[in-house]
Amino acid sequence: MLQRSLVLLKPDCVERRLIGQIISRFESKGLNIVAMKMLRVTPELSKQHYAEHVSKPFYTSLEDFITSAPIVALAIE
């Protein structure tokens, strides 16, 4: 049975144009990319994804960062 993992290439990675290099590393290790999508994280999605951190003092800066630019979401196995 194969395991799948979610990988998020966050705004700083996208802005620095590192997506291809990171994908190459996964593929060179024999991992398969089974899904990939570029998207903008909304504040609502951020609250769902980081639900355990919403009440913590650093959450506002985390949400500001993750919603600042597009991300790339990958499912790898």
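Calculation rules
Residues numbered from 1 in each chain as written. Predicted model: local features only at pLDDT ≥ 70, side-chain atom pairs only at ≥ 80, totals over all residues. Heavy atoms only, no water. Helix = DSSP H or I, 4+ residues; strand = E, 2+ residues; numbered from the N terminus. Contact = heavy atoms within 4.5 Å. Buried < 20%, exposed > 50% of the residue type's maximum accessible area, 1.4 Å probe, protein only. Arc of directions from axis to C-beta. Salt bridge = Lys/Arg side-chain N within 4 Å of Asp/Glu carboxyl O.

Student: How would you summarise the side chain of Glu63 if you had to cite specific residues and measurements?
Tutor: Within the secondary structure, Glu63 sits in helix 4 (residues 59–66). Here Glu63 is in contact with Pro43, Ser46 and Lys47, once residues within four sequence places are set aside.

Student: Describe unusual backbone geometry, with residues and values.
Tutor: In this structure, Arg17 is a non-glycine residue whose phi angle is positive, near 60°. Tracing the sequence through the fold places Arg17 in the loop between helix 1 (11–15) and helix 2 (19–28).

Student: Which residues make up helix 4, and what values go with them?
Tutor: Those residues of helix 4 lying buried are Tyr59, Leu62, Glu63 and Ile66. Buried residues of helix 4 fall within an arc of 95° about the axis and therefore sit on the same side.

Student: Tell me about the pattern of salt bridges, and please be specific about residues and values.
Tutor: Pairs may arise between side chains of opposite charge once their charged atoms sit close together. Evaluation of the coordinates by the stated rule reveals two salt bridges. Across the salt bridge formed by Lys47 and Glu63, the nearest N and O atoms sit 3.0 Å from each other. Placement of Lys47 in helix 3 (residues 43–49) and of Glu63 in helix 4 is noted, with a sequence separation of 16 residues between them.

These figures capture arrangement, not role.
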